[in-house]
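# Fold and geometry: a report
The primary structure of each chain is shown beneath.
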Amino acid sequence: MSETDVHKLIAIVEDDPDVARIIEQVLGDFSFRTVWCRSAGDLLRRLRSLAPDLCIIDLGLPDMDGLEVMQRVRTQSACGIVILTGRAHVSDRVMGLELGADDYILKPFEPRELVARVRSILRRRETASSSPSRQIAEFSGWRFNLGNNTLYAPNGEEHLLSTSETELLKVFVSNPNRILQREQLMGTRDLAPTDRSIDVRISRLRRKLEPDAQSPAFIKTVYGAGYLFLATVNWAGEANSANASH
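Residues numbered from 1 in each chain as written. Predicted model: local features only at pLDDT ≥ 70, side-chain atom pairs only at ≥ 80, totals over all residues. Heavy atoms only, no water.

## A few points about the overall build of the protein
Note the threshold: To qualify as a helix, a DSSP run of H or I must reach at least 4 residues; to qualify as a strand, a run of E must reach at least 2; elements of each kind are numbered from the N terminus. Exposed residues in this analysis have more than 50% of their type's maximum accessible area, buried residues have under 20%, and partly exposed residues fall in between, with area computed by a 1.4 Å probe over protein chains only. Residue contacts follow a heavy-atom distance rule, with two residues in contact if any of their heavy atoms lie within 4.5 Å. The method behind every accessible area is Shrake-Rupley, applied with a 1.4 Å probe, and residues are considered shielded solely by the protein chains displayed.
Regarding its fold elements, the protein presents 9 helices and 13 strands. Relative to its full complement of 246 residues, the protein shows a buried share of 49%. Partitioning the intrachain contacts of the protein with sequence separation of at least 6 by distance along the chain shows that 59% fall at a separation of at least 24. Entry remark: accessible area of the protein is about 11900 Å², with carbon and sulfur atoms responsible for 48%.

Rendered as structure tokens:
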């Protein structure tokens, strides 16, 4: 594995120098490379050239709301996104997850927990693209490329998925026609009965995948049990990825 594979680049979007310094220090201790962006504009101007593996975005930025920043990042990059904020409202958390955040951490935060969550997101991204023999999942005219987080509709339209959407769809296509509990869909995370994060992510994925999200054809809710991905899935290797949009 090359040095660039080991030392992932984390963009820190934070207007408080003291908070940014703490994040840079703890991530640096774990061999992450970091770049500090003092504002939303700073990040958006540099996003393509930086190509970060993950962005940590504060919601209370001086020039733009962090949720809007996240939306703009999502249109340009499939990088991981962590919201780090002092805003504890449930509505902010739900909105952040709806818009594609992979995690939501409240200030004040435990630095080691932040590192653990960052590593978890990056590990999921690596897993999603580490199996070339199962690179392209095909179902009902759709093609899902696990290597670059893209979903191609039967008409060729391309949808760029977030890390959490990619991980969720990967679990579904790997376990078609099986009822999956919410805990299984969230991976190894301990899930509280009141945690609705998976439901938010299911809703977001449905809007991209289902012609009618109110009457889903693929992702079925099995009340009291979990979710069911109703499809026949065939797998293609990397050789077919060049044709993924056709």
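## What to know about the packing of aromatic side chains
Condition: Under the pairing criterion, centres of Phe, Tyr and Trp rings, with the six-membered ring standing for Trp, must be within 6.5 Å; the plane angle then separates stacked pairs below 30 degrees from edge-to-face pairs above 60, leaving the rest tilted.
Inspection of every chain in the model, using the stated rule, returns 4 aromatic pairs. Where phenylalanine 139 meets phenylalanine 218, the ring centres are 5.5 Å apart and the plane angle is 85°; that geometry is what we call edge-to-face. Residue phenylalanine 139 is located in strand 6 (residues 136-139), and its partner phenylalanine 218 is located in the loop between helix 9 (197-209) and strand 11 (219-222); the two are separated by 79 residues in the primary sequence. With a centroid separation of 5.6 Å and an interplanar angle of 25°, the aromatic rings of phenylalanine 172 and phenylalanine 229 are classed as stacked. Of the two residues, phenylalanine 172 sits in helix 7 (residues 163-174) while phenylalanine 229 sits in strand 12 (residues 226-229), which places them 57 residues apart along the sequence. Comparing phenylalanine 172 with phenylalanine 229 shows no difference in burial state: the two are buried. Joined through ring pairs, the aromatic side chains of Phe139, Phe172, Phe218 and Phe229 make up one cluster.

## Regarding the pattern of salt bridges
Here is the rule: By definition, a salt bridge exists where a carboxyl oxygen of Asp or Glu is found within 4 Å of a side-chain nitrogen of Lys or Arg.
The tally for this structure, following the rule as stated, stands at 13 salt bridges. For aspartate 18, the salt bridge identified is with arginine 21, shortest N-O distance 2.9 Å. In this pair, aspartate 18 and arginine 21 both sit in helix 2 (residues 17-29), 3 residues apart, roughly one turn of the helix. Looking at arginine 21, the relative accessible area reads 48%, which means it is partly exposed. Between aspartate 92 and arginine 87 there is a salt bridge, with its nearest N and O atoms 3.4 Å apart. Note on arginine 87: relative accessible area 25%, which makes it partly exposed.

## Re the nonpolar core
Rules: Side-chain atoms within 4.5 Å are what join buried Ala, Val, Leu, Ile, Met, Phe, Trp, Tyr and Cys residues into a set we call a nonpolar core.
Within the largest apolar cluster, 26 residues are counted, with the highest numbers of intra-cluster contacts made by Phe139, Leu169, Phe172 and Phe229. Broken down by secondary-structure element, the contributors of at least two residues to this core are strand 6, strand 7 (142-145), helix 7, helix 9 and strand 12. Excluding residues within four positions of it along the chain, phenylalanine 139 makes contact with Phe144, Leu151, Val173, Leu209, Phe218, Phe229, Ala231, Thr232 and Val233.

## What about unusual backbone geometry?
Here lysine 107 and proline 108 are connected by a cis peptide whose omega angle stands at -5°. The backbone of alanine 51 shows a phi angle near 50°, a positive value even though the residue is not glycine. As for its position among the elements, alanine 51 is in the loop between helix 3 (40-50) and strand 3 (54-57). Its identity is not glycine, yet asparagine 177 carries a phi of approximately 60°, on the positive side. Checked against the element boundaries, asparagine 177 lands in the loop between helix 7 and strand 10 (179-180). Note on asparagine 177: relative accessible area 44%, which makes it partly exposed.

## Topic: the sheet that holds strand 13 (residues 234-236)
Put simply, the rule reads: Strand pairing is defined by DSSP finding a minimum of two bridges between the two strands. Lines fitted to C-alpha atoms define the axes, with helix axes restricted to the stretch in contact, and inter-axis angles between N-to-C directions lie between 0 and 180 degrees.
Pairing is antiparallel across the open sheet formed by 5 strands, whose spatial order is 9-8-7-6-13. Both outer strands of the open sheet, strand 9 (158-160) and strand 13, are each paired with one neighbouring strand and no more. When strand polarity is set aside, the average angle formed by the axes of neighbouring strands in this sheet is 20°.

## Comments concerning the packing of helix 7 against helix 9
Going by this rule: Each angle is binned into one of four classes, with values under 35 degrees roughly parallel, values over 145 roughly antiparallel, values of 65 to 115 roughly perpendicular, and all other values oblique. When residue character is reported, Ala, Val, Leu, Ile, Met, Phe, Trp, Tyr, Cys and Pro are called nonpolar, Asp, Glu, Lys and Arg charged, and the others, Gly included, polar.
Between helix 7 and helix 9, whose axes approach to 10 Å, the crossing angle comes to 85°. With respect to their mutual orientation, helix 7 and helix 9 come out roughly perpendicular. Together, Ser164, Glu165, Leu168, Leu169 and Phe172 of helix 7 and Ile198, Arg201, Ile202, Arg204, Leu205, Lys208 and Leu209 of helix 9 make up the contact between the two elements. Partitioning the contact of helix 7 with helix 9 into residue classes produces 7 nonpolar, 1 polar and 4 charged.

## Section: the sheet that holds strand 4 (residues 80-85)
As summarised here, the arrangement of the 5 strands in space is 2-1-3-4-5, forming an open sheet in which the pairing is parallel. Edge positions in the open sheet fall to strand 2 (33-37) and strand 5 (103-106), since each of these has one partner strand only. Strand-to-strand twist of the sheet, defined as the mean angle between neighbouring strand axes without regard to direction, takes the value 20°. When strand 1 (residues 9-13) meets strand 3, the two strands line up parallel, connected through 4 bridges. Residue pairing for strand 3: alanine 11 is matched across the bridge by cysteine 55.

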